[in-house]
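Notes for the structure review
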Amino acid sequence: MALLSVIRRWHFRDQLSIREISRRTGLSRNTVRKYLRTDTVEPAFNVPERPSKLDAFADKLSAWLRAEAAKSRKQKRTVKQLHADLVSLGYDGSYGRVAAFARDWKADRQREQQTSGRGTFVPLVFEPGEAFQFDWSEDWAIIGGERTKLQVAHFKLSYSRAFVVRAYLLQTHEMLFDAHNHAFRVLGGVPRRGIYDNMKTAVDKVGRGKDRQVNARFSALVSHYLFEAEFCNPASGWEKGQVEKNVRDARHRLWQPMPRVASLEELNDWLENRCKDLWQTIPHGTQPGTIADIWAEEVSKLMEVGRLFDGFVEFAKRVSPTCLVHFERNRYSVPASFANRPASLRVYPDRIVVVAEGLSVCEHQRIINRSHDRPGRTVYDWRHYLAVIQRKPGALRNGAPFAELPEAFRSLQRYLLKKPGGDREMAEILALVLHHDEQAVLTAVETALEAGVPTKTHVLNLLHRLTDGKPVTPPVIRAPQALSLSQEPKANVERYDALRKLKEARHAS
């Protein structure tokens, strides 16, 4: 191209002859005339068609690529595998030629579907209170001095663009329900529609078109809050582009630098306040004012939240003979009366509730261990085993649930276990919490220890005084001076000797 430019410049501008240009360039005069006669500024070269070893297998490879494109990412064959399959059919060409064919085929297919580059889209407009968009993301924070991977729920109102971010340790049903409860509380209401991707916590099966088999518990959430759930087409993130952009922006606004907090609750409180502060500073973009200004206009169009959704996930369990139920490699104690019986486990993001016979039996704080190289933990409540130690008081000595007794009970136990029958007496004192306030029993035990009389009888006496409202320490009685003796009697034992001399006197035997 540079030589062609020089030839044209010498001839048309400098008025050099063809003979002189031929002499200077070394080209023949016919070649120079051809370049000047075509009046082109860019030379074109005819590439001869050369046969390729892949031509005989082009249709087969195109069919394979079309079939692989319809599979999921994890099930697709790689180009190396396709090359190996062609070799088994007789192809003796190189892998690079197959890879080049696959790249060209994919580029042509993307151009046909308009998915390459920026593509072509239609701007969307939403009415106030019409819709919100939801998505999950993965981010990191330092919680309690440990770098922790988090599953972050993102909500964004489509009209005002007000957003809410909340972090969890897992991406499960109960976390999704809890995220909705908090998001609607912070946003001030419920929009009429919710736009989601095909997440497994909401969609059990993706059908043709917009047909979806929605999870039963997610349907209960939608029915409770009275909004309509819409799901995007697979691999079509632009259908909820606002929240997708919010996921990207949040990494710079919230997660860089990495937050340092003492607990997950503290992190979520900080995220909620930080989001509200950002509403005040981020411009809306399409309307004058900030996000907070437009949100103040939209909040009146939202449906009222009302009662929060009871977002638990229920599992059927059987209580073990040791009065424990198992969940996520951890064990939680249950009252002994339900041992060897079926029960329901209602799982919330922060707690575990055991339900039996239609009633809530007990509740524990939930333990989430994502590291499978550590053993599971056991959470005991010593009150659940009081019925057992009434029959087996000896279990008090080494019983694992009783290792966490209050200090007053432990001091009393150390004293009573030194006495014969102290096991049973301690079991009977502990059983008092089944019928009386635990704090009152603890106060009675502490008072008995201070008085130096740590016995069951004394503890019962003090407990009855506390429950009846009587003072535990009796008042000091001071006799008045009028009752003092003016003449003290003198001891005279001779009269007893006189009684012994009487024959008629009767003596006690």
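I will try to describe carefully the structure that is included in this document. (Residues numbered from 1 in each chain as written. Predicted model: local features only at pLDDT ≥ 70, side-chain atom pairs only at ≥ 80, totals over all residues. Heavy atoms only, no water.)

**Comments concerning the sheet that holds strand β10 (residues 324-327)**
For clarity, the cut-off: Following DSSP output, two strands are said to pair if at least two bridges run between them. Strands are runs of DSSP state E lasting at least 2 residues, helices are runs of H or I lasting at least 4, and numbering of each runs from the N terminus.
Strand order in the open sheet made by the three strands is β10-β11-β15, with mixed pairing throughout. Edge positions in the sheet fall to β10 and β15 (378-379), since each of these pairs with one other strand and no more.

**Some remarks on unusual backbone geometry**
To keep things clear, this is the line we draw: Relative accessibility thresholds used throughout: buried, under 20% of the residue-type maximum; exposed, over 50%; partly exposed, between the two (1.4 Å probe, protein chains only).
With an omega dihedral of 0°, the bond running from Gln256 to Pro257 counts as a cis peptide bond. Note that Pro257 resides in the loop between α9 (241-253) and β8 (260-261). Backbone geometry at Glu328 places phi at a positive 55°, although glycine is not the residue there. Structurally, Glu328 can be placed in the loop between β10 and β11 (330-333). Of the residues examined, Glu328 reaches a relative accessible area of 33% and is grouped as partly exposed. Unusually for a residue other than glycine, Arg329 sits at a positive phi of about 65°. As for its position among the elements, Arg329 is in the loop between β10 and β11.

**Some remarks on the pairing of strand β4 (residues 193-196)**
Every second residue of β4 is oriented toward a common face, with Arg193 and Ile195 on one face and Gly194 and Tyr196 on the other, all of them buried. Where strand β1 (residues 131-143) and β4 come together, three bridges link them in parallel fashion. When the bridges of β4 are listed, Phe132 appears paired with Gly194. Where β4 and strand β7 (residues 228-231) come together, four bridges link them in parallel fashion. Across the sheet, Gly194 pairs through a bridge with Ala229, a residue of β7.

**Observations concerning the packing of aromatic side chains**
Defined as follows: The pairing test for Phe, Tyr and Trp rings, Trp by its six-membered ring, is centres within 6.5 Å, and the orientation test on the planes gives stacked under 30 degrees, edge-to-face over 60, and tilted for anything in between. A ring is considered to have a charge above it if a Lys NZ or an Arg CZ atom is located within 6 Å of its centre and within 35 degrees of its normal.
Scanning the model with the defined rule gives 21 aromatic pairs in all. For the pair Phe57 and Tyr91, a centre-to-centre distance of 5.7 Å together with 75° between the ring planes defines the contact as edge-to-face. With Phe57 in the loop between α3 (29-38) and α4 (58-69) and Tyr91 in the loop between α5 (79-88) and α6 (95-113), the pair connects residues that are 34 residues apart, well separated along the chain. Phe57 sits in the buried class, given a relative accessible area of 16%. With centroids separated by 5.4 Å and ring planes inclined at 45°, the aromatic side chains of Phe315 and Phe327 adopt a geometry described as tilted. Placement of the pair is Phe315 in strand β9 (residues 313-318) and Phe327 in strand β10, with a sequence separation of twelve residues. Relative accessible area serves as the criterion here: at 9%, Phe327 is assigned to the buried category. Between the NZ or CZ atom of Arg77 and the centre of the ring of Trp64, over which it lies, the distance is 5.1 Å.

**Here's the deal with the pattern of salt bridges**
Note the following rule: Throughout this description, the term salt bridge denotes a Lys or Arg side-chain nitrogen within 4 Å of a carboxyl oxygen of Asp or Glu.
Enumeration over the complete set of coordinates arrives at 29 salt bridges. Two residues, Glu272 and Arg185, come together in a salt bridge whose shortest N-O distance is 3.0 Å. Taken together, the residues Glu272 in helix α10 (residues 264-281) and Arg185 in helix α7 (residues 173-187) connect sequence positions 87 residues apart. With a relative accessible area of 14%, Glu272 lands in the buried category.

**As for the nonpolar core**
This is how it is decided: The term nonpolar core refers to a set of buried residues drawn from Ala, Val, Leu, Ile, Met, Phe, Trp, Tyr and Cys, joined through side-chain atoms within 4.5 Å. A contact between two residues is defined here by any heavy atoms of the two lying within 4.5 Å.
Core analysis: the largest hydrophobic core is formed by 51 residues, its most contacted members being Phe134, Phe218, Trp255, Leu267 and Trp279. Among the elements that make up this core, the one with the highest residue count is α7 (eight residues). Discounting chain neighbours no more than four positions away, the residues touching Trp255 are Asp139, Trp140, Ala141, Leu150, Val152, Val165, Ala167, Ala250, Leu267 and Leu271. Of all hydrophobic cores here, the second largest spans 30 residues; its members include Trp382, Phe409, Ile429 and Leu430.

**Digging into the packing of α4 against α6**
Heads up, the rule is: To get an axis, fit a line to the C-alpha atoms, keeping to the stretch in contact for a helix; angles then go from 0 to 180 degrees between the N-to-C directions. These descriptions rest on fixed angle ranges, namely under 35 degrees for roughly parallel, over 145 for roughly antiparallel, 65 to 115 for roughly perpendicular, and the rest for oblique. A clockwise turn of the near helix away from the far one marks a right-handed crossing, whereas an anticlockwise turn of less than a right angle marks a left-handed crossing. In this count, Pro and Cys sit with the nonpolar residues alongside Ala, Val, Leu, Ile, Met, Phe, Trp and Tyr, while Asp, Glu, Lys and Arg are called charged and the others, Gly among them, polar.
Where α4 meets α6, the axes come as close as 11 Å, and the angle between the chain directions of the two elements is 55°. Between α4 and α6, the interaxial angle falls into the category oblique. Here α4 and α6 pass one another in a crossing that is right-handed. In this structure, α4 uses Ala58, Leu61, Ser62, Leu65, Arg66 and Ala69 to contact α6, whose residues at the interface are Val98, Phe101, Ala102, Trp105 and Arg109. Its residues placed into classes, the contact of α4 with α6 shows eight nonpolar, one polar and two charged.

Read these as geometric descriptors, not functional statements.
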